[in-house]
Amino acid sequence: GAVVSQHPSWVICKSGTSVKIECRSLDFQATTMFWYRQFPKQSLMLMATSNEGSKATYEQGVEKDKFLINHASLTLSTLTVTSAHPEDSSFYICSAAGGLGRGDNEQFFGPGTRLTVL
Amino acid sequence: SQQGEEDPQALSIQEGENATMNCSYKTSINNLQWYRQNSGRGLVHLILIRSNEREKHSGRLRVTLDTSKKSSSLLITASRAADTASYFCATDHTGTASKLTFGTGTRLQVTL
């Protein structure tokens, strides 16, 4: 099956610092990767869609200068939370799609990264 | 917002009973998917049903889709304590380039 990893699985940082989260598709090439944010006891909210080699498409209300997304290869996308603040504390989940010849554009999800900003 | 609604928000049942969760959405879809999430963990894909399908089974799971009512249901039969988790429906809407819109989720608690 398709495996997606995220690193780190959890991170604690001080307010004002930047944090980078990696999302890797381990056994397939992902043409598209998605980044979601999930607050406690809430649903996943899509933040942005990234395609390899092009700029990410951000959802309404998501600050592109604060959440920098880079999709430099077909197996790696990174999300950098710049100048993090306590309200950025959340569970960040990535997913990867494409490259498996499946017609349903199935997304495969990473295990998530818990970010806590002090 | 295209976010779907799920009900109930929370469901508590005893082991062996069946659990039914419902999902409603707003605009036409290519497919609808159900996911499970254990507390603080990632998502596990359970089942995908296409817009031209009405019912699908996978083990103890049964999913129905009624596109005229824009609704879906997930039935877990003979529930087990290990089924305790949050369950989300996610819709792949027509014309949205494979983006998924997640429902609000149902928190299922299965007690012994």
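The structure displayed is predicted, hence computed values, not measured ones.

Enquirer: So what's going on with the overall build of chain B? Which residues, and what values?
Expert: Tallying secondary structure elements over chain B gives zero helices and eleven strands in all. Counting helices and strands in the order they occur from the N terminus, chain B gives β-β-β-β-β-β-β-β-β-β-β. In terms of C-alpha radius of gyration, chain B reaches 13 Å, essentially the compact-globule figure of 13 Å for 112 residues. Taken along its principal axes, the extent of the C-alpha atoms in chain B is 45 × 30 × 20 Å. Per-residue burial for chain B yields a buried fraction of 45% across its 112 residues. Look at the contacts in chain B between residues 6 or more apart in sequence, and 55% of them connect residues 24 or more apart. When the accessible surface of chain B is summed, it comes to about 5,300 Å², and 44% of that surface belongs to carbon and sulfur atoms. Each charge class in chain B was averaged separately, 13 positive and 10 negative side chains, and the resulting centres sit 5 Å apart.

Enquirer: Can you lay out the state of the cysteines for me, pointing to particular residues and giving the numbers?
Expert: All names here are of chain A. All chains considered together, the criterion is met by two disulfides over all chains. Between Cys 23 and Cys 94 runs a disulfide, and the two sulfur atoms are separated by 2.0 Å. Across the S-S bond linking Cys 23 and Cys 94, the dihedral sits near 80 degrees, which makes this disulfide right-handed. Taken together, the residues span a long stretch of sequence, with Cys 23 in strand β3 (residues 19-25) and Cys 94 in strand β9 (residues 90-97) at a distance of 71 residues.

Enquirer: Any details on the sheet that holds strand β7 (residues 61-66) of chain B? Residues and values, ideally.
Expert: Residue and element names in this part refer to chain B. Strand order in the open sheet formed by five strands is β1-β3-β8-β7-β6, with antiparallel pairing between adjacent strands. A single partner strand is all that each edge strand has here, and the edge strands are β1 (5-7) and β6 (55-58). The average angle at which neighbouring strand axes cross in this sheet is 15 degrees, direction not considered. Here β7 runs beside strand β8 (residues 71-76); their pairing, made up of six bridges, is antiparallel. Within β8, the position partnered with Leu 65 by the bridge is Ser 72.

Enquirer: Break down the layout of surface pockets for me, with residues and values.
Expert: By volume, the second largest pocket is sized at about 330 Å³. Residue lining of the second largest pocket: 20 residues in total, with Lys 41 of chain A together with Gln 37, Ser 39, Gly 40 and Ser 86 of chain B positioned closest to the centre. Elements that contribute at least two residues to the lining of the second largest pocket include exactly β9 (85-93) and β11 (106-111) of chain B. Of the residues forming the lining of the second largest pocket, the biggest block, three residues, is contributed by β9 of chain B.

Enquirer: Can you explain a nonpolar patch on the surface? Please cite residues and give values.
Expert: Residues Trp 10, Ile 12 and Leu 118 of chain A make up a contiguous nonpolar surface patch of about 380 Å² in total accessible area. Tracing the backbone shows Ile 12 of chain A in strand β2 (residues 10-13).

Criteria and cut-off values
- Along each chain, residue indices are assigned from 1 in the same order as the chain's sequence is written.
- Chains carry letters and ligands carry numbers; both start at the beginning, A for chains and 1 for ligands, and go up in the order they are written.
- Residues qualify for local features only when their pLDDT is at least 70, as the model is predicted, and side-chain atom pairs are given and counted only at 80 or more; totals for whole chains, interfaces and linings, by contrast, use all residues.
- Each side-chain value is worked out from all heavy atoms of the structure, with water and hydrogens disregarded.
- Only DSSP runs of H or I reaching four residues or more are called helices, and only runs of E reaching two or more are called strands; each is numbered from the N terminus.
- A radius of gyration in this sense is built from C-alpha atoms; the matching globule rule multiplies 2.2 Å by the number of residues raised to 0.38.
- We call a residue buried when its accessible area falls under 20% of the maximum for its residue type, exposed when it is over 50%, and partly exposed in between, using a 1.4 Å probe and counting protein chains only.
- Throughout, a contact is declared for two residues whenever any of their heavy atoms are within 4.5 Å.
- Accessibility throughout is a Shrake-Rupley quantity obtained with a 1.4 Å probe, and a residue counts as covered only by protein chains that appear here.
- The charge count treats Lys and Arg as positive and Asp and Glu as negative. His and the chain ends do not count.
- A charged residue contributes its charge at one atom only: NZ of Lys, CZ of Arg, CG of Asp or CD of Glu.
- Any pair of cysteine sulfurs within 2.5 Å is marked as a disulfide.
- Strands are labelled as partners when DSSP assigns at least two bridges between them.
- Angles here are taken between N-to-C directions and fall from 0 to 180 degrees, while the axes themselves are lines fitted to C-alpha atoms, restricted in helices to the stretch in contact.
- Within this scheme a cavity is a closed region of a 1 Å grid, computed over the protein atoms alone, that accommodates a 1.4 Å probe without allowing it to escape, whereas a pocket is open but has protein on both sides within 12 Å along at least five of seven lines; lining residues each have an atom within 4 Å of a point.
- Grid points are joined across faces, edges and corners, and a volume is the space filled by probe spheres set on the points.
- Two distance rules govern patches: like charges are joined within 9 Å, and nonpolar side chains (Val, Leu, Ile, Met, Phe, Trp, Tyr) within 5 Å, applied only to residues with over 30% relative accessible area and no salt bridge.
- Each reported salt bridge corresponds to a side-chain nitrogen of Lys or Arg within 4 Å of a carboxyl oxygen of Asp or Glu.

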